[in-house]
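Reading the structure
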Amino acid sequence: MKTIRVLAVVSLLAGAACGISPTDVQDRGNAPTVKIPPPSKTIYLIRDGKLTLEPADVEDDTVDSLLGALFGASRQPLLDGRDTALRGFTYLRTKNSVNPPQRDEIQLPRTSTLTVYIRGEGTLTRIGVAQIVCTAQQDAAFEQVKIIRDNPNRPPKVEGRYTCGELK
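Residues numbered from 1 in each chain as written. Predicted model: local features only at pLDDT ≥ 70, side-chain atom pairs only at ≥ 80, totals over all residues. Heavy atoms only, no water.

Details of the packing of helix 2 (residues 63–73) against helix 3 (residues 126–136)
In helix packing, the relevant descriptors are the interaxial angle and the interaxial distance, both defined with respect to the helix axes. Threshold: To get an axis, fit a line to the C-alpha atoms, keeping to the stretch in contact for a helix; angles then go from 0 to 180 degrees between the N-to-C directions. For helices the rule is a DSSP run of H or I covering at least 4 residues; for strands it is a run of E covering at least 2, with both sets numbered from the N terminus onward. Under this scheme an angle from 65 to 115 degrees is roughly perpendicular, one under 35 degrees roughly parallel, and one over 145 degrees roughly antiparallel; angles in between are oblique. A clockwise turn of the near helix away from the far one marks a right-handed crossing, whereas an anticlockwise turn of less than a right angle marks a left-handed crossing. Pairs of residues are marked as contacts when any of their non-hydrogen atoms sit within 4.5 Å. Side-chain classes follow a simple rule in which Ala, Val, Leu, Ile, Met, Phe, Trp, Tyr, Cys and Pro form the nonpolar group, Asp, Glu, Lys and Arg form the charged group, and the remainder, Gly included, forms the polar group.
Packing of helix 2 against helix 3 leaves a shortest axis separation of 9 Å and a crossing angle of 150°. Here helix 2 is positioned roughly antiparallel relative to helix 3, judged by the angle of their axes. The crossing of helix 2 and helix 3 is right-handed. Judged by residue contacts, Val63, Leu66, Leu67, Leu70 and Phe71 of helix 2 engage Gln131, Ile132, Thr135 and Ala136 from helix 3. Looking at the contact of helix 2 with helix 3 residue by residue, the classes come out as 7 nonpolar, 2 polar and no charged.

Some remarks on the pattern of salt bridges
Rule in force here: Just to be clear on terms, a salt bridge is a Lys or Arg side-chain nitrogen sitting within 4 Å of an Asp or Glu carboxyl oxygen. A simple rule labels every residue: compare its accessible area, found with a 1.4 Å probe on the protein chains alone, to the largest value its type can have, and call it buried under 20%, exposed over 50%, or partly exposed in between.
Per the stated rule, a full pass over the model turns up 7 salt bridges. Across the pair Asp150 and Arg93 runs a salt bridge, and its minimum N-O distance is 3.4 Å. You can see Asp150 sitting in the loop between strand 8 (144–149) and strand 9 (157–162) and its partner Arg93 sitting in strand 4 (residues 89–96), a full 57 residues away along the chain. We classify Arg93 as partly exposed; its relative accessible area is 39%. Of the charged contacts in the structure, one is a salt bridge between Lys157 and Glu159, with a shortest N-O distance of 3.9 Å. What makes Lys157 partly exposed here is its relative accessible area of 48%. Members of the salt-bridge network, linked through shared partners, are Arg47, Glu54 and Arg82.

Some remarks on the pairing of strand 8
The test is simple: A strand pair is defined by DSSP finding two or more bridges across the two strands. Orient the strands so they point away from the viewer; a crossover is then right-handed if the path from the first strand over the helix to the second runs clockwise.
Burial analysis of strand 8 places 5 of its 6 residues in the buried class, which makes it a mostly covered element. Examined bridge by bridge, strand 7 (residues 113–120) and strand 8 share 6 bridges and lie parallel to one another. The partner of Thr115 across the bridge, within strand 8, is Lys146. A crossover links strand 7 with its parallel partner strand 8, the connecting element being helix 3, and its sense is right-handed. Of the pairings in the sheet, the one linking strand 8 to strand 9 comprises 5 bridges and is antiparallel in character. Its bridge partner lying in strand 9, Ile148 is registered against Val158.

Some remarks on the state of the cysteines
Worth spelling out the cut-off: The term disulfide is used for any two cysteine sulfur atoms that are within 2.5 Å.
Counted according to the given criterion, the structure contains 1 disulfide. In this model Cys134 forms its disulfide with Cys164; the gap between the sulfur atoms is 2.0 Å. For the disulfide bridge between Cys134 and Cys164, the dihedral angle about the S-S bond is near 100°, and by the sign convention the bridge is right-handed. A residue pair is termed long-range when its members are at least 10 positions apart, and Cys134 in helix 3 and Cys164 in helix 4 (residues 164–167) qualify at 30 residues. Accessibility classification places Cys134 together with Cys164 in one group, the buried group.

Structure (structure tokens):
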């Protein structure tokens with residue numbers, strides 16, 4: 001019993017000894033906020049017949065956003081000697097195998113291949129392929145980029161599997 005009294009007295013003294021008097025909540029204004037601009041990334045365009053990295057404002061830092069910006073540039077007039085070999089082609093979507101699906105309790109192998117689906121008529125030149133592959137491989141997670149042309153009323157056509165190093 002004596003121990004309980006001693007603890008009660010000590011806790012009362014400790015509570016009173018902090019020196020801070022309690023106050024009500026006070027509203028002092030709005031919380032500080034920051035507006036973060038979209039990440040500025042780079043895409044591969046053509047200058048003097050060679051690949052060149054050019055800045056591109058994108059929605060986010062995903063490969064889909066980069067490829068959207070790359071193909072978006074092909075629908076605009078480019079200045080300062082820049083050009084693209086992707087005019088007439090449209091970016092559809094990507095599919096990656098970095099996190100492969102699981103089937104029947106077995107994890108399929110991880111191949112680190114990004115498959116890029118495009119649509120368009122005409123010839124996809126080597127430098128056009130390089131624009132797609134090198135832009136996509138800025139994300140180091142992908143060892144290879146596979147390009148598939150997916151035009152309506154035709155079966156999909158595999159354009160090939162590439163790495164940026166073999167195309168530069």
